[in-house]
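What follows is each chain in one-letter form.
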Amino acid sequence: MASAHSEQAAPPADLTALKLLVAGGFGVGKTTLVASVSEIRPLRTEEQLTEASRPVDDLQGVETKTTTTVAMDFGRITLADDLVLYLFGTPGQDRFWFVWDELATGALGAVVLADTRRLADCFAAVDYFESRGIPFTIAVNCFDGVRTHTPDSVRRALDLPPDVPVSLCDVRDRASGKEVLIALVEHVVRHAEQSSQDA
(Lines give C-alpha, C1' and ligand atoms only; values in the text may rest on other atoms or scores of the structure.)
Protein backbone atom coordinates (compact mmCIF):
# COMPACT_ATOMS: atom_id res chain seq x y z
CA MET A 1 0.00 0.00 0.00
CA ALA A 2 1.44 3.37 -1.01
CA SER A 3 1.88 6.02 1.63
CA ALA A 4 0.19 9.40 1.38
CA HIS A 5 3.63 10.95 0.93
CA SER A 6 4.48 8.77 -2.07
CA GLU A 7 1.10 9.46 -3.64
CA GLN A 8 1.66 13.20 -3.35
CA ALA A 9 5.19 12.95 -4.75
CA ALA A 10 4.12 11.03 -7.87
CA PRO A 11 3.89 13.24 -10.97
CA PRO A 12 0.53 13.37 -12.72
CA ALA A 13 0.11 10.69 -15.40
CA ASP A 14 -0.65 13.30 -18.05
CA LEU A 15 2.35 15.53 -17.25
CA THR A 16 3.82 17.19 -20.34
CA ALA A 17 7.51 18.08 -20.23
CA LEU A 18 8.93 20.32 -22.96
CA LYS A 19 12.60 20.85 -23.75
CA LEU A 20 13.23 24.43 -24.83
CA LEU A 21 16.41 26.31 -25.72
CA VAL A 22 17.46 29.82 -24.77
CA ALA A 23 19.85 31.07 -27.43
CA GLY A 24 21.41 34.25 -28.74
CA GLY A 25 24.68 36.11 -28.93
CA PHE A 26 27.43 36.54 -26.38
CA GLY A 27 26.39 38.52 -23.29
CA VAL A 28 22.74 38.94 -24.30
CA GLY A 29 21.27 37.56 -21.04
CA LYS A 30 20.69 33.84 -21.60
CA THR A 31 22.12 32.78 -18.22
CA THR A 32 20.16 35.55 -16.49
CA LEU A 33 16.87 34.49 -18.11
CA VAL A 34 17.29 30.84 -17.12
CA ALA A 35 18.23 31.83 -13.55
CA SER A 36 15.38 34.34 -13.14
CA VAL A 37 12.60 31.94 -14.15
CA SER A 38 13.93 28.62 -12.84
CA GLU A 39 12.17 27.14 -9.81
CA ILE A 40 15.27 25.06 -9.05
CA ARG A 41 18.79 26.26 -8.51
CA PRO A 42 20.01 26.54 -12.12
CA LEU A 43 22.97 24.57 -13.34
CA ARG A 44 25.61 26.87 -14.79
CA THR A 45 28.81 26.11 -16.65
CA GLU A 46 30.40 29.54 -16.46
CA GLU A 47 34.10 30.24 -16.55
CA GLN A 48 36.05 33.44 -16.06
CA LEU A 49 36.95 35.40 -19.16
CA THR A 50 40.73 35.58 -19.47
CA GLU A 51 43.20 37.80 -21.24
CA ALA A 52 43.70 34.99 -23.76
CA SER A 53 40.02 35.23 -24.78
CA ARG A 54 40.06 38.99 -25.40
CA PRO A 55 41.16 38.73 -29.05
CA VAL A 56 38.47 36.07 -29.62
CA ASP A 57 35.46 37.40 -27.67
CA ASP A 58 34.00 40.72 -28.76
CA LEU A 59 33.21 42.60 -25.53
CA GLN A 60 31.85 45.69 -27.27
CA GLY A 61 28.65 46.64 -25.46
CA VAL A 62 29.33 44.13 -22.64
CA GLU A 63 32.63 45.46 -21.32
CA THR A 64 31.74 44.61 -17.70
CA LYS A 65 31.12 40.93 -18.47
CA THR A 66 33.58 38.73 -16.55
CA THR A 67 32.25 35.19 -17.13
CA THR A 68 30.95 33.15 -20.03
CA THR A 69 28.91 29.98 -20.48
CA VAL A 70 31.09 27.22 -21.90
CA ALA A 71 28.58 24.36 -22.19
CA MET A 72 25.03 25.20 -21.09
CA ASP A 73 22.71 26.57 -18.47
CA PHE A 74 19.87 24.40 -17.19
CA GLY A 75 16.71 25.29 -15.33
CA ARG A 76 13.14 24.14 -14.85
CA ILE A 77 9.84 25.97 -14.54
CA THR A 78 6.33 24.61 -14.00
CA LEU A 79 3.80 26.62 -16.01
CA ALA A 80 0.77 24.54 -14.99
CA ASP A 81 0.04 21.43 -12.94
CA ASP A 82 0.55 19.32 -16.06
CA LEU A 83 3.19 21.39 -17.93
CA VAL A 84 6.88 21.58 -17.06
CA LEU A 85 9.54 23.34 -19.14
CA TYR A 86 13.16 22.22 -19.13
CA LEU A 87 15.33 25.13 -20.21
CA PHE A 88 18.74 24.75 -21.80
CA GLY A 89 20.76 27.93 -22.32
CA THR A 90 23.27 27.72 -25.15
CA PRO A 91 26.80 29.16 -25.13
CA GLY A 92 27.06 32.41 -27.07
CA GLN A 93 30.52 32.29 -28.65
CA ASP A 94 31.19 30.75 -32.04
CA ARG A 95 33.90 28.46 -30.66
CA PHE A 96 31.30 26.61 -28.54
CA TRP A 97 28.82 26.06 -31.36
CA PHE A 98 29.60 22.34 -31.51
CA VAL A 99 27.51 22.06 -28.30
CA TRP A 100 24.39 23.41 -30.02
CA ASP A 101 23.59 20.24 -31.98
CA GLU A 102 23.61 18.18 -28.78
CA LEU A 103 21.45 20.70 -26.92
CA ALA A 104 19.01 20.99 -29.84
CA THR A 105 18.31 17.25 -29.91
CA GLY A 106 14.72 16.80 -28.74
CA ALA A 107 14.09 20.53 -28.32
CA LEU A 108 10.60 21.62 -29.35
CA GLY A 109 11.36 25.32 -29.59
CA ALA A 110 13.73 28.15 -28.75
CA VAL A 111 13.82 31.68 -27.49
CA VAL A 112 16.38 33.77 -29.34
CA LEU A 113 17.42 36.67 -27.12
CA ALA A 114 18.42 39.86 -28.91
CA ASP A 115 20.18 43.06 -27.89
CA THR A 116 19.35 45.91 -30.27
CA ARG A 117 22.82 47.43 -29.70
CA ARG A 118 24.28 44.26 -31.26
CA LEU A 119 21.37 42.87 -33.27
CA ALA A 120 23.65 41.08 -35.74
CA ASP A 121 24.79 38.81 -32.89
CA CYS A 122 21.49 36.92 -33.04
CA PHE A 123 21.55 36.31 -36.82
CA ALA A 124 23.40 33.01 -36.45
CA ALA A 125 20.85 31.68 -33.93
CA VAL A 126 17.93 32.69 -36.16
CA ASP A 127 19.59 30.94 -39.13
CA TYR A 128 20.29 27.84 -37.00
CA PHE A 129 16.67 27.32 -35.96
CA GLU A 130 15.22 28.26 -39.36
CA SER A 131 17.47 25.74 -41.13
CA ARG A 132 16.46 22.96 -38.72
CA GLY A 133 12.74 23.73 -38.70
CA ILE A 134 12.72 24.40 -34.94
CA PRO A 135 10.06 26.99 -34.04
CA PHE A 136 11.47 30.02 -32.27
CA THR A 137 10.52 33.41 -30.90
CA ILE A 138 12.57 36.58 -30.57
CA ALA A 139 12.78 38.28 -27.17
CA VAL A 140 14.50 41.65 -27.13
CA ASN A 141 16.26 42.12 -23.80
CA CYS A 142 15.72 45.77 -22.88
CA PHE A 143 18.91 46.87 -21.17
CA ASP A 144 18.90 49.93 -18.92
CA GLY A 145 19.63 53.17 -20.75
CA VAL A 146 19.26 51.63 -24.21
CA ARG A 147 16.74 53.00 -26.69
CA THR A 148 13.72 50.71 -26.99
CA HIS A 149 12.72 49.57 -30.48
CA THR A 150 9.27 48.28 -31.38
CA PRO A 151 8.76 44.57 -32.07
CA ASP A 152 7.81 45.44 -35.66
CA SER A 153 11.05 47.33 -36.26
CA VAL A 154 13.04 44.38 -34.86
CA ARG A 155 11.04 41.99 -37.07
CA ARG A 156 11.90 44.07 -40.14
CA ALA A 157 15.57 44.29 -39.18
CA LEU A 158 15.75 40.50 -38.80
CA ASP A 159 13.62 39.88 -41.92
CA LEU A 160 11.33 37.51 -39.99
CA PRO A 161 8.07 36.05 -41.29
CA PRO A 162 4.91 37.44 -39.64
CA ASP A 163 4.19 34.24 -37.69
CA VAL A 164 7.39 34.47 -35.60
CA PRO A 165 6.53 36.23 -32.31
CA VAL A 166 8.73 39.18 -31.30
CA SER A 167 8.46 40.64 -27.80
CA LEU A 168 10.27 43.02 -25.47
CA CYS A 169 11.42 41.75 -22.08
CA ASP A 170 13.64 42.27 -19.07
CA VAL A 171 15.35 38.93 -18.42
CA ARG A 172 16.11 39.94 -14.82
CA ASP A 173 12.39 40.02 -14.05
CA ARG A 174 10.79 36.61 -13.45
CA ALA A 175 7.33 37.68 -14.64
CA SER A 176 8.77 39.13 -17.85
CA GLY A 177 10.82 36.00 -18.50
CA LYS A 178 7.80 33.80 -17.84
CA GLU A 179 5.77 35.75 -20.43
CA VAL A 180 8.53 35.08 -22.98
CA LEU A 181 8.32 31.33 -22.29
CA ILE A 182 4.52 31.30 -22.45
CA ALA A 183 4.68 33.03 -25.85
CA LEU A 184 7.15 30.37 -27.02
CA VAL A 185 4.97 27.47 -25.82
CA GLU A 186 1.93 28.99 -27.58
CA HIS A 187 4.00 29.39 -30.75
CA VAL A 188 5.22 25.77 -30.56
CA VAL A 189 1.61 24.54 -30.21
CA ARG A 190 0.44 26.62 -33.19
CA HIS A 191 3.40 25.39 -35.24
CA ALA A 192 2.59 21.74 -34.40
CA GLU A 193 -1.09 22.24 -35.27
CA GLN A 194 -0.19 23.87 -38.60
CA SER A 195 2.27 21.08 -39.41
CA SER A 196 -0.37 18.40 -38.73
CA GLN A 197 -2.89 20.22 -40.96
CA ASP A 198 -0.34 20.46 -43.77
CA ALA A 199 0.56 16.75 -43.51
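For the structure itself, consult the block above.
Summarised in this report is the structure supplied together with it. Computed from a predicted model, the values in this text were never measured in an experiment.

1. Regarding the overall build of the protein
At step 1: When helices and strands are tallied, the protein shows 6 helices and 7 strands.
At step 2: From first element to last, N terminus to C terminus, the protein shows the α and β order α-β-α-β-β-β-α-β-α-β-α-β-α.
At step 3: Looking at the protein residue by residue over its 199 residues, the buried ones come to 43%.
At step 4: Accessible surface computed for the protein: about 10,700 Å², of which carbon and sulfur atoms make up 53%.

2. Focus on the environment of Arg172
At step 1: Here Arg172 lies in the loop between strand 7 (166-169) and helix 6 (174-198).
At step 2: Placed 140 residues apart in sequence, Arg172 and Thr32 show a C-alpha to C-alpha distance of 6.2 Å.
At step 3: Those residues in contact with Arg172, other than ones at most four positions away along the chain, are Thr32, Ser36 and Asp144.
At step 4: Polar side-chain contacts of Arg172 include one of 3.1 Å to the side chain of Asp144.

3. Comments concerning the packing of aromatic side chains
Two descriptors summarise a pair of aromatic rings, namely the distance from one centre to the other and the angle between the planes of the rings.
At step 1: Applying the stated criterion across every chain yields a total of 6 aromatic pairs.
At step 2: Ring geometry for Phe74 versus Tyr86: centroids 6.1 Å apart, planes at 10 degrees, classification stacked. In this pair, Phe74 sits in strand 3 (residues 67-80) while Tyr86 sits in strand 4 (residues 83-89), placing the two residues 12 residues apart along the sequence.
At step 3: Site record: aromatic cluster; members linked through ring pairs are Trp100, Tyr128, Phe129 and Phe136.

4. Brief notes about unusual backbone geometry
Most peptide bonds take the trans form, and the phi angle of most residues other than glycine is negative.
At step 1: The backbone of Asp159 shows a phi angle near 55 degrees, a positive value even though the residue is not glycine.
At step 2: Turning to its location among the elements, Asp159 is positioned in the loop between helix 5 (151-158) and strand 7.

5. With respect to the pairing of strand 1 (residues 16-24)
At step 1: Across the 9 residues that make up strand 1, a large majority, 7, are buried.
At step 2: Pairing geometry for strand 1 and strand 4, over 7 bridges, is parallel. Note on strand 4: the bridge partner recorded for Lys19 is Tyr86.
At step 3: When strand 1 meets strand 5 (residues 109-114), the two strands line up parallel, connected through 5 bridges. Its bridge partner being in strand 5, Val22 is matched across the sheet by Val111.

6. Description of helix 5
At step 1: Among all positions of helix 5, only Val154, Arg155 and Leu158 are buried. Projected down its long axis, helix 5 carries its buried residues within an arc of 105 degrees, all on one side.
At step 2: Where helix 5 is buried, its residues meet helix 4 (123-132), strand 6 (136-141) and strand 7.

7. Quick look at the environment of Ser176
At step 1: The topology assignment puts Ser176 in helix 6.
At step 2: Counting along the chain gives 140 residues from Ser176 to Ser36, while the straight-line C-alpha distance between them is 9.4 Å.
At step 3: Other than its neighbours up to four places away in sequence, Ser176 contacts Cys169 and Asp170.

8. Section: helix 6
At step 1: The terminal C-alpha atoms of helix 6, which comprises 25 residues, lie 36 Å apart, in line with the 36 Å expected from a rise of 1.5 Å per residue.
At step 2: Along helix 6, the residues classified as buried are Ser176, Gly177, Val180, Leu181, Leu184, Val185, His187 and Val188.

Reading the values: the criteria
- Residues numbered from 1 in each chain as written.
- Predicted model: local features only at pLDDT ≥ 70, side-chain atom pairs only at ≥ 80, totals over all residues.
- Heavy atoms only, no water.
- Helix = DSSP H or I, 4+ residues; strand = E, 2+ residues; numbered from the N terminus.
- Buried < 20%, exposed > 50% of the residue type's maximum accessible area, 1.4 Å probe, protein only.
- Areas by Shrake-Rupley, 256 points an atom, 1.4 Å probe, with all protein chains shown as cover.
- Contact = heavy atoms within 4.5 Å.
- Polar contact = N/O pair within 3.5 Å; in protein donor to acceptor, adjacent residues only side chain to side chain.
- Phe/Tyr/Trp six-rings, centres within 6.5 Å; stacked < 30°, edge-to-face > 60°.
- Pairing = 2+ DSSP bridges.
- Arc of directions from axis to C-beta.
- Expected span 1.5 Å × (residues − 1).

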